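What the coordinates show
Next come the chains, spelled out residue by residue.
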Amino acid sequence: MKLALVIPWFGRDLKGGAEQQAWQIAARLAARGHELEVLTTCSRSHQDDWATNHLPPGATVEREGFTVRRFRVEERDRQEFDRVCGALLQLPAEELKAGVPPVPAEDSRIFANELIKSPELLRFLEREKENYDWFLFLPYLYGPVLNGVAIVRERAALQPCLHDEAYAYLPEVAEAFANAGLLLFNSEGEQELAQRLFGPGIWPKSRLVGEGVEVEAGGRNGTGAAASGDPFVLYLGRKDAGKNVPMLVNAFRRFRAVRPNSKLRLLLAGNGSAELRDADAGRAEDLGLVSEERKAELLRDCAALFQPSQNESFSRVIMEAWAHGKPVAAHASCLATAVAVERANGGWLAAEEAEWAELFVTVARQSSRDMAALGENGRRYAENIADWDKVMERYEAAFQKEQPRHAATSARKSGAGRKINQFLPNLGYGDAISNHALWLRNHLRSRGFSSEIHVRFIDPRVAHECHLFSPEALAASDAAIYHHSIGSEITPHLLSYERPKALIYHNITPADFFAPFRPDLVPILQKGRDELTEIAPRFPISCGVSRYNAQELAEHGFANPAVLPIPVSPEKWQLTADATVMEEMQDGSTNLLFVGRLAPNKKQEDLLRAFEVYLELDPGARLILIGKPEENDPYAAFINDLITSLGLEESVVLPGSIAEAQLAAYYRTADLFWSMSEHEGFCVPLIEAMWFDVPVFAYKSSAIPETLGEAALMFTSKEDLATLAATAHLLVQRGKLRRTVIRAQQQRRRDFLPEKVVQLMDRLTDELIKLEVTKKWPFHSCDGIQRAATLLFQFWPRDNLPAYLYG
């Protein structure tokens, strides 16, 4: 495999974290037999002038066996760059908004283009991009990286070394993440930060590789004592405000104020000064910059390592402490370190100064046995994420040329020459049933089948994806898949179809929900459910999109109905979220979200009443109800009247029918997904919310507990609105409960990835094509179905069926 590593500065002795990492990656990939070249500039280092060619251009070969190609840098507009960079650095963290440019577009371009300039390097990438398998770019924020990714695109593997800083919010950075073919992350928290900044669409191409750490000998069985014999907490790293060291020192002073007789000390080692006071003498000590041997001794002997920095993509010192079997404390707001500590169960998290002071108390009184257990947990985690051999194996796995997704199944071209078409009442823009049909069609085609979608009613926005139903299209099919959500005039045609066929059931909304609003719908809905019994003998193969639906099929006489969940992939969100919505929804207010049609079974009225109580706890909150209202729908009118009567006009947002880019923006800015729905056959928005790391709070009804599994917080009663509001408020807070729910959701959402569902789909398809085309099933009268279809179309024009009848 031929690889190129692209970095602005490169050298054996460079001390920057990304530069050291790049050298290790290059040397180790070469040692593993890969043909590797480093593409860099003639600038010497980050600390030197970026427009000066300190080193000669051209190619040299390092003794480790890889080539370094250096390219000249050119003059840049330093004054303009410094102006823009200064403006970015002065932005308060609370003013940074994901998806919203932090500076004007022209300033953003100046930052990307005037930071370090090497047109020669970019021309080389353009000229030679087809001659390398992959280009590994790191770190993210420099011109040669941002512009280079745009040139090689799908051959780019971007390893961003991402921090939550103003630079990360520039649109050029978002474009680099979108253009890259692979995204490689040093830590789980860094990957989570990237998804928060750029959306879940990047998840399919994201890989956790980790970062190797070489630990000096020192053992894991230290005494936990300094030279004085007293236990100590250790800080390792640069001692400045950017690393939160002043806050840590103040926290230690607060600890000393309440525990003046404690023997616990604080030792700080690294560049810079900790600015200790005379009163700190004897208890806190600045050791300055220490040797690697002395660092190993400190790690061996410390009681714990405290890492208060909020800006890390990976923490070497945490991994080094864990390698020595020592527990660590990390900042709760730094995803890279906080997620590692949580996943490892290797220490503690703190945010405010008072919480750090309390952690000193914890260390002072924790038993040595408990401390050792936390340290051992961390050691096991570090053995995986920070072991160089395992890290390099993950690089190699990521760089392997990707096979077509679901290759094992797609390679089975069993469908050659066969035509399996799908039939359903309507195809709409963005609804779950329609998206399911589109996914099934694409997968059938990947197996070699000829496959089209035929519907009675077509949304103009998806007209290119389907065909108007005709009996001739059905007759021309070798097999048929029918999506059933309510009887329609195409149902009798499917019933009389005598070739292999399968039914996928998306459920029918129980008629009782509509009685107060649309009594005319009640007999139609009830008829649709009752006639499942008449349909059952005509479909030898059937499945529901949930066990809840499959059980209903079984109760109506379907033989052995299977379960075929709706796949929910983050690939859908490979788009730019609407910038206007992103900005509007990040104004400091809490955003409570529900996505679903305005329909009586969704119980938006219950959510509004609960929200009225919630506002007592969080007066500035807003409730966003996304769902298209039907024209002249009594339920929509009822909801609008309720909003007015509760005085919620200024607090409720009703976007109506929106584009996917707007929906993505509402998901990305939501603090909580709150569902009061009492009937769902599956409920795709629950899984979508999980992909956006929005905690879900839902009423436990119908298929909802099956869809959520153990991953969300559910409730079984709506009587106590005050308790529901208080629980919702707890989930909104950036605390342990929220983190616990999100961690569980991050696991659950994987169960609905296409590669998990595709095996079930293939099983259904295989059963379908095994049926003999000439097989005749006993004909059961479908007069009842025909009567239902006739009744249905007496009430609505054929081009204006209410969408909420489906599912």
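Quick look at the structure, then. Note that the coordinates shown come from a computational prediction; the quantities given were computed from them, not determined experimentally.

A few words now on the overall build of the protein chain. Scanning the protein chain from terminus to terminus reveals 31 helices and 27 strands. Whereas a compact globule of 807 residues would reach a radius of gyration of roughly 28 Å, the protein chain reaches 30 Å, a difference of no more than 12%. For the protein chain, the spread of C-alpha atoms along the three principal axes comes to 90 × 60 × 50 Å. Out of the 807 residues in the protein chain, the part that is buried amounts to 57%. The long-range share in the protein chain, meaning contacts at least 24 apart out of those at least 6 apart in sequence, stands at 71%. As presented, the protein chain carries roughly 32700 Å² of accessible surface, and 48% of it is formed by carbon and sulfur atoms. With 91 positive and 109 negative side-chain charges, the protein chain shows a spacing of 5 Å between the two charge centroids.

Summed over the entire model, instances satisfying the criterion amount to zero disulfides. Lacking any disulfide linkage, Cys161 is separated from the closest cysteine sulfur, that of Cys334, by 13 Å. Overall, Cys161 belongs to the buried group, its relative accessible area being 11%.

With that settled, consider the sheet that holds strand E16 (residues 453-458). Strand order in the open sheet formed by seven strands is E17-E16-E15-E18-E19-E20-E21, with parallel pairing between adjacent strands. Two strands close off the open sheet at either side, each with one partner strand: strand E17 (467-468) and strand E21 (562-563). Looking at chain direction, E16 and E17 are connected through two bridges and run parallel. Counted as the bridge partner of His454 is His467 from E17.

On to the packing of aromatic side chains. A full pass over the atoms with the stated rule returns 36 aromatic pairs. Clustering of aromatic rings is evident, with ring pairs tying together Trp9, Trp50, Phe81, Phe111, Tyr142 and Tyr167. The ring of Tyr132 has Lys2 sitting right over it, with the charged end atom 4.5 Å from the ring centre.

Okay, the pairing of strand E13 (residues 328-331) next. One face of the sheet, then the other: side chains in a regular strand alternate in exactly this way. Side-chain alternation along E13 places Val328 and Ala330 on one buried face and Ala329 and His331 on a second face that is also buried. Between the parallel pair strand E12 (residues 304-307) and E13, the chain is carried across by helix H10 (residues 316-323), and the sense of this crossover is right-handed. Relative to strand E14 (residues 347-350), E13 runs parallel, the two sharing four bridges. From the neighbouring strand, His331 faces E14, where its bridge partner is Ala350.

A separate point is the pattern of salt bridges. One pass over the structure, following the stated rule, counts 54 salt bridges. When the shortest N-O distance is used, the salt bridge between Asp230 and Arg283 registers 3.1 Å. Taken together, the residues Asp230 in the loop between strand E8 (206-208) and strand E9 (232-236) and Arg283 in the loop between strand E10 (265-269) and strand E11 (284-288) connect sequence positions 53 residues apart. Linked by salt bridges that have partners in common, Glu192, Glu342, Arg739 and Arg743 make up one network.

Taken across its eight residues, H10 has six buried, putting it largely inside the fold. Considered for burial, the residues of H10 that qualify are Val317, Ile318, Met319, Glu320, Ala321 and Trp322. Looking at the buried residues of H10, the elements they touch are E9, helix H9 (292-301), E12, E13, helix H11 (335-344) and helix H13 (368-385).

All right, on to the environment of Arg83 then. Residue position: Arg83 is located in helix H2 (residues 78-90). Sequence spacing of Arg83 and Phe111 is 28 residues, and the spatial spacing of their C-alpha atoms is 9.3 Å. Once residues within four sequence positions are removed from consideration, Arg83 is found in contact with Asp107 and Ile110.

What follows covers the sheet that holds strand E24 (residues 652-653). A sheet is described by the order of its strands in space; here six strands give the open sequence E24-E23-E22-E25-E26-E27, paired in parallel fashion. Sheet topology places E24 and strand E27 (713-715) at the edges, where each strand pairs with a single neighbour. Taken together, the two bridges between strand E22 (residues 591-595) and strand E25 (residues 672-675) define a ladder with parallel strand orientation. Bridging from a neighbouring strand, Leu593 pairs with Phe673 of E25. Against the sheet, helix H26 (residues 684-691) touches E22, E25 and strand E26 (696-699), its axis set at about 165° to E25.

Next up on the list: the side chain of Thr669. Topologically, Thr669 is positioned in the loop between helix H25 (660-668) and E25. Polar side-chain contacts of Thr669 include one of 2.8 Å to the backbone oxygen of Ala665.

The next subject is the packing of H11 against helix H29 (residues 736-748). Two numbers describe a pair of packed helices, the interaxial angle and the distance between the axes. For the pair H11 and H29, the least separation of the axes is 13 Å and the interaxial angle reads 80°. For the element pair H11 / H29, the angle class is roughly perpendicular. On the side of H11, the interface is formed by Val339, Glu342 and Arg343, while H29 contributes Arg739, Arg743 and Gln746. Looking at the contact of H11 with H29, its residues break down into one nonpolar, one polar and four charged.

With that out of the way, let us pick up the environment of Phe697. For Phe697, the position within the fold is in strand E26. Along the sequence, Phe697 and Ala166 sit 531 residues apart, while their C-alpha atoms lie 32 Å from each other. The contact partners of Phe697, leaving out residues within four places of it in the chain, are Leu672, Phe673, Trp674, Ser675, Leu713, Phe715, Leu724, Thr727, Ala728 and Leu731.

Before going further, it helps to examine the nonpolar core. Judged by nonpolar contacts, the single largest core of 146 residues is most densely connected at Phe111, Phe137, Phe673 and Trp674. Not counting residues up to four positions away in its chain, the partners in contact with Phe673 are Leu593, Phe594, Val595, Tyr667, Pro685, Leu686, Ala689, Val694, Pro695, Val696 and Phe697. Core analysis: the next-biggest nonpolar cluster, separate from the first, contains 30 residues, Ile7, Val68, Ala157 and Tyr395 among them.

Interaxial distance between helix H8 (residues 245-258) and helix H12 (residues 353-365) falls to 8 Å at its minimum, and their mutual angle equals 60°. Taken together, the axes of H8 and H12 lie oblique to each other. When you trace H8 past H12, the crossing you get is right-handed. Contacts from Met247, Leu248, Asn250, Ala251, Phe252, Arg254 and Phe255 in H8 reach Glu353, Ala354, Trp356, Ala357, Phe360, Val361 and Ala364 in H12.

Criteria and cut-off values
Residues numbered from 1 in each chain as written. Predicted model: local features only at pLDDT ≥ 70, side-chain atom pairs only at ≥ 80, totals over all residues. Heavy atoms only, no water. Helix = DSSP H or I, 4+ residues; strand = E, 2+ residues; numbered from the N terminus. Rg over C-alpha atoms; globule rule 2.2 N^0.38 Å. Buried < 20%, exposed > 50% of the residue type's maximum accessible area, 1.4 Å probe, protein only. Contact = heavy atoms within 4.5 Å. Areas by Shrake-Rupley, 256 points an atom, 1.4 Å probe, with all protein chains shown as cover. Lys, Arg positive; Asp, Glu negative; His and termini not counted. Charge placed at Lys NZ, Arg CZ, Asp CG, Glu CD. Disulfide = S-S within 2.5 Å. Pairing = 2+ DSSP bridges. Phe/Tyr/Trp six-rings, centres within 6.5 Å; stacked < 30°, edge-to-face > 60°. Lys NZ or Arg CZ within 6 Å of the ring centre and 35° of its normal. Right-handed = clockwise from strand over helix to strand, strands pointing away. Salt bridge = Lys/Arg side-chain N within 4 Å of Asp/Glu carboxyl O. Axes fitted to C-alpha atoms, helices over the stretch in contact; angles between N-to-C directions. Polar contact = N/O pair within 3.5 Å; in protein donor to acceptor, adjacent residues only side chain to side chain. Parallel < 35°, antiparallel > 145°, perpendicular 65-115°, else oblique. Nonpolar A, V, L, I, M, F, W, Y, C, P; charged D, E, K, R; others polar. Core = buried A, V, L, I, M, F, W, Y, C linked by side-chain atoms within 4.5 Å. Left-handed = near helix turned anticlockwise from the far one by under 90°.

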